[in-house]
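Here is how the chains run, residue by residue.
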Amino acid sequence: MSELHRNLIGGEWIEGEAVDNINPSNTNDVVGRYARATAADTEKAIAAAKAAFPAWSRSGLLERHAILSKTAQEILARKEELGRLLSREEGKTLPEGIGEATRAGQIFDFFAGEVLRLAGETVPSVRPNIGVEITREPVGVVGIITPWNFPIAIPAWKIAPALCYGNTVVFKPAELVPGCAWAIVDILHRAGLPKGVLNLVMGKGSVVGQAMLDSKDVHALTFTGGTSTGRRVAEASIKVNRKFQLEMGGKNPVIVLDDADLKVAVETVAQSAFFSTGQRCTASSRVIVTEGIHDKFVAALAERVRNLKVGDALDQGTEIGPVVDESQLKQDCNYIEIGKSEGANLVVGGERVSRSTPGFYLQPALFTEATNQMRISREEIFGPVASVIRVKNYEEALATSNDTEFGLSAGIVTTSLKYATHFKRNAEAGMVMVNLPTAGVDFHVPFGGRKASSFGPREQGRYAAEFFTVVKTAYTSAG
Ligand code: TXE
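Residues numbered from 1 in each chain as written. Predicted model: local features only at pLDDT ≥ 70, side-chain atom pairs only at ≥ 80, totals over all residues. Heavy atoms only, no water.

Per an unreviewed UniProt entry, the protein chain goes by Aldehyde dehydrogenase (NAD+) and derives from Devosia enhydra. For the protein chain, the Sequence similarities (unreviewed entry) comment in UniProt is given as "Belongs to the aldehyde dehydrogenase family." (UniProt positions renumbered as here; feature names shortened; annotations may be inferred.)

As structure tokens, then:
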């Protein structure tokens, strides 16, 4: 039997009930055994983080810089191995897995630099002989709750800034992906983090996550996941006056205009909708196409989707890995049935397919003749399922793209500077893409959405300081 990967609480590796981590490409393959934390473990982790905060919040900048930098170097040196682990436990393809591991390393590298760049402001007072200093301080104990779809990048973009700015952390990864979470915590621990600064509690959302939400000693909570869980985080946080940040779902549009380059349009939409098995909050599932290009675009896209190679995430040549688990696969298939019953036309895919190993394989599904009012156009499916909505012109395309409760990412494929410029200004989304997939963002610039997609300050890049610090304004009289 393989070694049990334990939780890290107060600097000690703590036993717990063993849970198998299953490979969605091959359910006979156990990726590893991981300890499940209890509510009591979670309380201990929070207490350890609280105890470690005074010293860590005043720790030397060079100490923090060295730990984050060392972590970045180890992740980058092991990116193939970590990428493989990621693909094995989550199901995205190996190049996607290695790309994500690389990005995690780059994020730690970025925040290793940010440690040395935290600046404040000194301004004159409106009163004579008084000076005003504006500084940023760490918030305290930060709770981090992450989803399964980016098992190493999302933990990295929350843990790195939390530690960079002097906070201590209690980290709860999604149940389906403990492997990457454990690996990243192990690397940080060995890089020299003092006891209790970073605590890992793997386990159920309803137990471990809930214990974090209920604790008055978690001073800030950053969450990425489903909309209904996000609401629980918000409600629980308001009760204890906790700072919180939510990244939730999307129903991201991509517009294809008559003047688009057909090849660019097909590739942009195929990438946006189906890569990473459509399991990205920035994936596009609403393809809004103007009349003049509609038929030839749909024919070319259907051809591309028909030929997408679905298979084992680790196999060379696989373009689309499996869906993450049985329950997500059921959700995807259920929405495909809903789409058909609503009158959309399933032109290609949508059926469960088998491969040489038992896994959760779904042929990417493309609907046409959809309307923006259908449930498949309004609710987040979170799988390789996209619908084409036909519109008359740019104005109708823009109105349709904004007619959603979400607002994470929005794309347009056009050769017109006029429409591209207008769209960048008028798309109701946190991120706008011109001739680029709706998913796939840089690690050093802000990430986040509007409306029901996000709440609170942006993540990533220098904007992360907004959430992971609190501002202090100090006045000094010359006497
Ligand atoms: O999310 P959950 P799930 C969407 C997507 C998907 C759906 C459900 O539509 O089909 O959400 O996915 C923890 N207190 N997205 O079930 O449950 C949980 O353990 C505290 C979109 O994975 O929200 C996990 O660590 N925590 C999203 C985290 O919350 C709780 C990415 C997210 O899980 C909790 C993922 C509780 N009571 C899913 N219950 C995106 N937009 O990126 C659960 N958790």
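Now, onward.
(A) Looking closely at the overall build of the protein chain. Check the secondary structure of the protein chain and you find 15 helices and 23 strands. Each principal axis of the C-alpha atoms in the protein chain carries an extent, and together these give about 75 × 70 × 40 Å. The buried share of the protein chain, reckoned over its 479 residues, is 58%. Look at the contacts in the protein chain between residues 6 or more apart in sequence, and 73% of them connect residues 24 or more apart. In the structure as shown, the protein chain presents an accessible area of about 19100 Å², 52% of it carried by carbon and sulfur atoms. Charged side chains in the protein chain number 52 positive and 54 negative. The centres of these two groups are separated by 4 Å. (Helix = DSSP H or I, 4+ residues; strand = E, 2+ residues; numbered from the N terminus. Buried < 20%, exposed > 50% of the residue type's maximum accessible area, 1.4 Å probe, protein only. Contact = heavy atoms within 4.5 Å. Areas by Shrake-Rupley, 256 points an atom, 1.4 Å probe, with all protein chains shown as cover. Lys, Arg positive; Asp, Glu negative; His and termini not counted. Charge placed at Lys NZ, Arg CZ, Asp CG, Glu CD.)

(B) Examining the UniProt feature "domain: Aldehyde dehydrogenase" (unreviewed entry) in the protein chain more closely. Residues given the UniProt feature "domain: Aldehyde dehydrogenase" (unreviewed entry) here are residues 13-473. Secondary structure within residues 13-473 divides into 41% helix and 23% strand; the distance between the first and last C-alpha atoms comes to 40 Å.

(C) Spatial organisation of the side chain of glutamate 89. Tracing the chain through its elements places glutamate 89 in helix H3 (residues 79-90). The charged side chain of glutamate 89 is buried without a salt bridge, its nearest counter-charge being arginine 88 at 9.1 Å. Engagement of the side chain of glutamate 89 in a polar contact is seen with the backbone nitrogen of glycine 179, the distance being 2.8 Å. Once residues lying within four places of it in the same chain are set aside, the contact partners of glutamate 89 are Asn21, Ile22, Pro24, Val31, Pro151, Leu176, Val177, Pro178, Gly179 and Cys180. (Salt bridge = Lys/Arg side-chain N within 4 Å of Asp/Glu carboxyl O. Polar contact = N/O pair within 3.5 Å; in protein donor to acceptor, adjacent residues only side chain to side chain.)

(D) Quick peek at the packing of aromatic side chains. Going through the model one piece at a time under the given rule, you end up with eight aromatic pairs. Considering the side-chain rings of tryptophan 13 and tryptophan 182, the 5.3 Å spacing of their centres and the 35° angle between planes classify their relative orientation as tilted. Of this pair, tryptophan 13 sits in strand E3 (residues 12-14) while tryptophan 182 sits in helix H6 (residues 178-190), and the two are 169 residues apart along the sequence. Under the relative-accessibility criterion, tryptophan 13 is labelled partly exposed at 22%. The exposure class assigned to tryptophan 182 is buried, which follows from its relative accessible area of 16%. Both rings, one in tryptophan 157 and one in phenylalanine 447, keep their centres 5.2 Å apart while their planes meet at 45°; by these two values the pair is tilted. Here tryptophan 157, found in helix H5 (residues 153-164), pairs with phenylalanine 447, found in the loop between strand E20 (431-434) and strand E21 (450-451); they are 290 residues apart in sequence, far enough to count as distant. Per residue, the accessibility class of tryptophan 157 equals that of phenylalanine 447, and both read buried. Between arginine 64 and the ring centre of tryptophan 56, over which it is positioned, the NZ or CZ distance is 5.9 Å. (Phe/Tyr/Trp six-rings, centres within 6.5 Å; stacked < 30°, edge-to-face > 60°. Lys NZ or Arg CZ within 6 Å of the ring centre and 35° of its normal.)

(E) Local environment of the nonpolar core. Within the largest apolar cluster, 61 residues are counted, with the highest numbers of intra-cluster contacts made by Phe108 and Phe171. Examining the composition of this core, we find that nine residues originate from one element, H5, more than from any other. The residues that make up this core include at least three from each of domain 1 (4-248 + 453-477) and domain 2 (252-434). (Core = buried A, V, L, I, M, F, W, Y, C linked by side-chain atoms within 4.5 Å. Domains from an automatic or database assignment.)

(F) View of the pairing of strand E5 (residues 26-36). Where strand E1 (residues 4-5) and E5 come together, two bridges link them in parallel fashion. Counterpart to leucine 4 in the pairing with E5 is arginine 33. Looking at chain direction, strand E4 (residues 17-23) and E5 are connected through seven bridges and run antiparallel. Bridge assignment links isoleucine 22 to a residue of E5, and that residue is valine 30. (Pairing = 2+ DSSP bridges.)

(G) Up close: the sheet that holds E4. Read from one edge to the other, the open sheet built from three strands follows the order E1-E5-E4, with strand pairing classed as mixed. At either margin of the open sheet sits one strand with a lone partner, and together these are E1 and E4. This element, H3, spans E4 and E5 of the sheet and lies at about 105° to E5. (Axes fitted to C-alpha atoms, helices over the stretch in contact; angles between N-to-C directions.)

(H) Focus on the UniProt feature "active site" (unreviewed entry) in the protein chain. The residues that UniProt annotates with the feature "active site" (unreviewed entry) are Glu247. You can see glutamate 247 is positioned in strand E12 (residues 243-247). Residue class for glutamate 247 comes out buried when judged on its relative accessible area of 3%. Ignoring sequence-local partners within four residues, the contact set of glutamate 247 consists of Phe223, Thr224, Gly225, Leu408, Phe447, Gly448, Gly449, Ser453, Ser454 and Glu459.

(I) Region of the structure containing the sheet that holds strand E14 (residues 284-290). In spatial order, the strands read E15-E16-E17-E14-E13-E19-E20; together these seven strands make up an open sheet with mixed pairing. Edge positions in the sheet fall to strand E15 (345-348) and E20, since each of these pairs with one other strand and no more. Going from strand to strand, the sheet's axes swing by 25° on average, the running direction of each strand aside. Inspection of the sheet shows strand E16 (residues 365-370) paired to strand E17 (residues 385-391) by four bridges, in the parallel sense. Bridge assignment links leucine 366 to a residue of E17, and that residue is alanine 386. The strands that helix H10 (residues 291-306) touches are strand E13 (252-256), E14, E15, E16 and E17; relative to E14, the one it contacts most, it runs at about 145°.

(J) Summary view of the domain arrangement of the protein chain. The domain architecture assigned to the protein chain consists of domain 1 (4-248 + 453-477) and domain 2 (252-434). Domain 1 puts 24 residues into the contact, and the matching count from domain 2 is 28 residues. Taken together, both faces of the contact between domain 1 and domain 2 bury some 2100 Å²; the carbon and sulfur share is 58%. A per-residue breakdown of the area domain 1 buries against domain 2 is headed by Ser25, Trp148 and Ser453, which together make up 25% of the total. Linking domain 1 with domain 2 are zero salt bridges. (Buried area = accessible area lost by both parts, 1.4 Å probe.)

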